[in-house]
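Letter by letter, the chains look like this.
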Amino acid sequence: MDTSPHEATIRAMDAAFSGMATTSEPAHRPYSFLKALGRKSLPHEIVVRENRYTKQCVFKNDFFAITAMYHGEHEKVILKVARDAGLFGIPLRWIGRLLAAREAAFLQSLSGVHGIPRFISRWGPTGVVRQFVDGHPLHRGEQVENEFHSRLKHLVEIIHARGMAYVDLEKCENVLVGDDGLPYLFDFQIAWHLPAKWGGELFPARWLRCWFQAGDRYHLLKLQRRTRPDQLSAEVIAASYRRPWYLRIHGLIARPWKWLRRAILKLLEPGHEHASGERGRMLD
């Protein structure tokens, strides 16, 4: 599924990736298997399309992916490496390959759309390198610019028009506010797209796509209520509190798994009961 034209480079990166140094974390730390690379860490430097980049910081490191910012001579980039480590002896690199291929495909399909970071290259078997966008995550109560939500809505409409759904708009921080004041969508890990050649226009897939796109529109409204309620009428605000039935069903299915995950992580990380943010996400 790798669509990169630099297959030879990718194979070389694969070999380098396999030999990455392990982290200096104590061997008894119980949560290394919750990290995408296990006990390994990202390299200090990477070379992408003959350009050298140095690691500056790690933004997120969870079970499915590790995301870091690298600084080059002319630009900053994001390296996102999906699951590479196994779990209790079970190989899981195939999951990482699939996730990276999907993410690269989304970025390439939306190439040239303002508000979507530019795809740069694949990296190793499970990595994707993309443009870094200066900005900050949207936060609840933030007074964004007047045109912010109309531009975000237009961006999501473009994604929908290409047969996709973003799916990940439930939380404010999943939208980036660029230093230019404009919205950006950057994480396509759980986005939906099934091409027509794989049955994407058949009834079950088309039905799911419509649901996911309707969910995107509902969450757009909720985001606007949380940041610029002054732009909404009282009737629209009231409507934004009424979750569609399909989202309520999803919540009933997903909530027990969320509770179970949190209970397991609480046992594994007894010192992190009151940590802020998503549990299981750790920085290097």
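Preceding block: the structure.
Residues numbered from 1 in each chain as written. Predicted model: local features only at pLDDT ≥ 70, side-chain atom pairs only at ≥ 80, totals over all residues. Heavy atoms only, no water.

*Asks:* Please clarify how the overall build of the chain should be interpreted in this entry.
*Replies:* Across its full length, the chain holds 6 helices and 9 strands. Within the span of the chain, comprising 284 residues, buried residues form 45% of the whole. Look at the contacts in the chain between residues 6 or more apart in sequence, and 62% of them connect residues 24 or more apart. Carbon and sulfur atoms provide 58% of the accessible area of the chain, an area that totals close to 15500 Å². (Helix = DSSP H or I, 4+ residues; strand = E, 2+ residues; numbered from the N terminus. Buried < 20%, exposed > 50% of the residue type's maximum accessible area, 1.4 Å probe, protein only. Contact = heavy atoms within 4.5 Å. Areas by Shrake-Rupley, 256 points an atom, 1.4 Å probe, with all protein chains shown as cover.)

*Asks:* Looking at this model, I keep getting lost on a negative patch on the surface. Mind explaining?
*Replies:* A surface patch of negative charge is lined by E145, E147, D179 and D180. The exposure class assigned to D179 is exposed, which follows from its relative accessible area of 62%. (Patch = residues over 30% accessible without salt bridge, like charges linked within 9 Å, V, L, I, M, F, W, Y side chains within 5 Å. Salt bridge = Lys/Arg side-chain N within 4 Å of Asp/Glu carboxyl O. Lys, Arg positive; Asp, Glu negative; His and termini not counted. Charge placed at Lys NZ, Arg CZ, Asp CG, Glu CD.)

*Asks:* Would you mind going over the pattern of salt bridges with me for this structure?
*Replies:* Side-chain pairs of opposite charge can arise where the charged atoms are in close proximity. Enumeration over the complete set of coordinates arrives at 10 salt bridges. Among the salt bridges present, the one from D134 reaches K76, with a minimum N-O distance of 2.9 Å. Here the residue D134 occupies a position in the loop between β6 (127–131) and β7 (135–137), and K76 occupies one in strand β4 (residues 76–82), the gap between them amounting to 58 residues. Among the residues examined, D134 registers a relative accessible area of 36% and is labelled partly exposed. Taking the shortest distance from any N to any O, the salt bridge between R93 and D84 comes out at 2.7 Å. Relative accessible area serves as the criterion here: at 23%, R93 is assigned to the partly exposed category. Put simply, K60, D62, K80, E103 and D187 are held in one network by salt bridges that share partners.

*Asks:* How do you make sense of the packing of helix α3 (residues 148–161) against helix α4 (residues 203–227) when you look at a structure like this?
*Replies:* Relative placement of two packed helices is described by the angle separating their axes and the distance separating the axes. As a packed pair, α3 and α4 sit with axes 11 Å apart at the nearest point and diverge in direction by 170°. Regarding the angle of α3 to α4, the classification is roughly antiparallel. Contact residues: α3 offers H149, L152, K153, V156 and H160, while α4 offers Q213, D216, R217, L220, L223, Q224 and T227. Partitioned by chemical class, the residues of the contact of α3 with α4 number 4 nonpolar, 5 polar and 3 charged. (Axes fitted to C-alpha atoms, helices over the stretch in contact; angles between N-to-C directions. Parallel < 35°, antiparallel > 145°, perpendicular 65-115°, else oblique. Nonpolar A, V, L, I, M, F, W, Y, C, P; charged D, E, K, R; others polar.)

*Asks:* Any chance you could explain the packing of aromatic side chains here in plain terms?
*Replies:* Any aromatic ring pair is given by two values, namely how distant the centres are and how the planes are angled relative to each other. Following the criterion strictly, the structure yields 7 aromatic pairs and no others. When the centroid spacing of 5.2 Å and the interplanar angle of 90° are considered together, the rings of Y166 and F188 count as edge-to-face. Of this pair, Y166 sits in the loop between α3 and β8 (176–178) while F188 is found in the loop between β9 (183–184) and α4, placing the two residues 22 residues apart along the sequence. Judged by its relative accessible area of 1%, Y166 is buried. With a centroid separation of 5.4 Å and 50° between ring planes, the pair formed by W192 and F212 is classed as tilted. Taken together, the positions of W192 in the loop between β9 and α4 and F212 in helix α4 put the pair 20 residues apart, joining distant regions of the chain. (Phe/Tyr/Trp six-rings, centres within 6.5 Å; stacked < 30°, edge-to-face > 60°.)

*Asks:* Could you clarify how one ought to interpret the sheet that holds strand β3 (residues 65–72) in this entry?
*Replies:* Two strands in a sheet stick together by hydrogen bonds in their backbones, pointing the same way (parallel) or opposite ways (antiparallel). With respect to topology, 6 strands assemble into an open sheet ordered β1-β2-β3-β4-β6-β5, the strand pairing being antiparallel. Every other strand in the sheet has two partners, leaving β1 (45–48) and β5 (119–123) as the edge strands with one partner each. Taking the axes of each pair of neighbouring strands and ignoring which way they run, one obtains an average angle of 35° across the sheet. Bridge count between strand β2 (residues 51–61) and β3: 7 bridges; the pairing is antiparallel. (Pairing = 2+ DSSP bridges.)

*Asks:* Explain unusual backbone geometry here, please?
*Replies:* Glycine aside, residues mostly have negative phi, and peptide bonds are mostly found in the trans state. Positive phi, close to 70°, is recorded for E50, a residue that is not glycine. Judged by relative accessible area, E50 falls into the exposed class, the value being 80%. With a phi close to 75°, V167 is a non-glycine residue in the positive phi region.

*Asks:* Got a minute to help me understand the sheet that holds β8 in this structure?
*Replies:* Strand order in the open sheet formed by 3 strands is β7-β8-β9, with antiparallel pairing between adjacent strands. Two strands lie at the open edges of the sheet, namely β7 and β9, each paired on one side alone. Inspection of the sheet shows β8 paired to β9 by 2 bridges, in the antiparallel sense. Each residue of the ladder has a partner; that of L176, found in β9, is Y184.

*Asks:* What is the right way to read the nonpolar core from this model?
*Replies:* Among soluble globular proteins, nonpolar side chains are generally buried collectively. The biggest cluster of nonpolar side chains holds 27 residues, and the ones touching the most others in it are I116, I159, L169, V175, L185 and F188. Counting only elements with at least two residues in this core, the list comes to α2 (93–109), α3 and α4. Ranked by the residues each element gives to this core, the list is headed by α3, at 5 residues. With sequence-adjacent residues up to four places away left out, I116 is seen in contact with L107, L110, Q131, L155, I159, Y184, L185 and F188. Core analysis: the next-biggest nonpolar cluster, separate from the first, contains 15 residues, V48, Y70, V77 and W123 among them. (Core = buried A, V, L, I, M, F, W, Y, C linked by side-chain atoms within 4.5 Å.)

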